[in-house]
Structures are given as C-alpha cells and as structure tokens.
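# Observations on the model geometry
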Amino acid sequence: MKMLVAFLLSLSLMSAAWAEPVRDGKTGLGVGDLSWEFTVTRASKPGGAAFEISREAWGIGNCKVAFTAGARGGKAAAQPGRAGLLQAAQQELNGNFRMGSVRDISQQGIAGITFTADFVSEFPGKPRHLWTIFETAKGRTAISCYALGSRFDRWRPDFETVTKAVVIPK
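Heads up: these notes are all about the structure in this document. (Residues numbered from 1 in each chain as written. Predicted model: local features only at pLDDT ≥ 70, side-chain atom pairs only at ≥ 80, totals over all residues. Heavy atoms only, no water.)

### Quick look at the side chain of arginine 55
- With respect to the element layout, arginine 55 can be found in strand E4 (residues 48–55).
- A relative accessible area of 15% places arginine 55 in the buried class.
- Ignoring sequence-local partners within four residues, the contact set of arginine 55 consists of Glu37, Phe38, Trp155 and Asp158. (Helix = DSSP H or I, 4+ residues; strand = E, 2+ residues; numbered from the N terminus. Buried < 20%, exposed > 50% of the residue type's maximum accessible area, 1.4 Å probe, protein only. Contact = heavy atoms within 4.5 Å.)

Below, the structure is given as structure tokens:
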C-alpha cells in the first residue's frame, strides 16, 4: 500500500512539474511542453496572436511568439521557399538587426529558417536574438528570443526548447 501511495504521489508531482499548454482558439497558435520554470502569457497582436515566454533565471531576456494571419500574401509571397522566408525575416527585422548565419529548420512538417540577430546600433549589454520564422498558407509564425550578449550562449538551449514547443497554425 505504501508503494502505491508513493507511486501516485510521484505521478502527481511529475504532472505538476510541467506548465499547462496554452493555445489561441482563433488562430491555432500555441505553446506547450515547457517545464514549470517557464511562464507563458498572452500578448496583444492585432491580426493574429502572440505569447511571451520568460524564465526567472534569464534575468533580462524573454521570448516572443507571434502569428500574423495572411502574412504570406505580402512581399514574401514573391519568392517561395527559403528565399521567401529570408524576405519575411528581413521584413520582421525591419533593418534594425544584423543577421547571423541562417540555417534551415523543420518543425511539425513545416519548413522554416533560424538565425541569430544583433542590433545594428549599440545597445547596452549587446542583446542578441535567436529568430525562427515559419510560413504556412494560414500566415507567418515568428519566434524571437533574446538575452544580453554575455548570457546568450548560456540560454540558447532554453530558447531552442521554447521554439520546439511552439504549435504553428496550419
């Protein structure tokens, strides 16, 4: 009996160790499969949906996940595939960032790109971003996570975990 009680208690503790998934019912954008250390909050996004993800250990830094409905109909539609994603990335960065090396990524069967980006102007602490962009017929999903330059490499695995937890609207 004691073993059964211990087993049930450990199961309840394990289930409590994971943050509840969140999803925007209108667009389908979601975030799930993150440990309790992460906090996910809804953010305002006209014409779409957005979430902010933070973790106390990051200090200064967080992740933003945004979905823009119908974004594919913009300039990025002029070129399909990777070239279109690069155009979409440049639109998202709006000339304020310098892109690092770009690599292809696939998530939930959807092709995307990921890259680091640094502010063009000098900001205190030299914030660095990890950007990931996906486009579907439904719209564009952009994920941006940042930390001060000296902390970026330490938190990059967390940022990649957040990216993997994003549910892309199809």
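The structure having been displayed, the exposition proceeds.
### With respect to the state of the cysteines
- Tallying each qualifying case throughout the model produces 1 disulfide.
- Between the sulfur atoms of cysteine 63 and its disulfide partner cysteine 145 the distance amounts to 2.1 Å. Of note, the bridge from cysteine 63 to cysteine 145 carries an S-S torsion of about 115° and is right-handed in sense. With a gap of 82 residues between them, cysteine 63 in strand E5 (residues 61–69) and cysteine 145 in strand E9 (residues 139–148) connect regions that are remote in the sequence.
- Owing to a relative accessible area of 0%, cysteine 63 belongs among the buried residues under this scheme. (Disulfide = S-S within 2.5 Å.)

### Description of the sheet that holds strand E6 (residues 97–107)
- Ordered in space as E3-E4-E5-E9-E8-E7-E6, the 7 strands form an open sheet in which the pairing is antiparallel. Looking at strand neighbours, the two that pair on one side only are strand E3 (38–43) and E6, the edges of this open sheet. Mean inter-strand twist for the sheet, computed between neighbouring axes without regard to direction, equals 20°.
- Sheet topology note: the strand E7 (residues 110–119)/strand E8 (residues 127–136) ladder contains 7 bridges and is antiparallel. Opposite alanine 117, over in E8, you have histidine 129 as the bridge partner.
- Along the sheet face, helix H2 (residues 81–93) touches E6, E7, E8 and E9 and points at about 130° away from the line of E8.
- Helix H3 (residues 149–165) rests against E3, E4, E5, E6, E7, E8 and E9 of the sheet, and its axis sits at about 150° to E9. (Pairing = 2+ DSSP bridges. Axes fitted to C-alpha atoms, helices over the stretch in contact; angles between N-to-C directions.)

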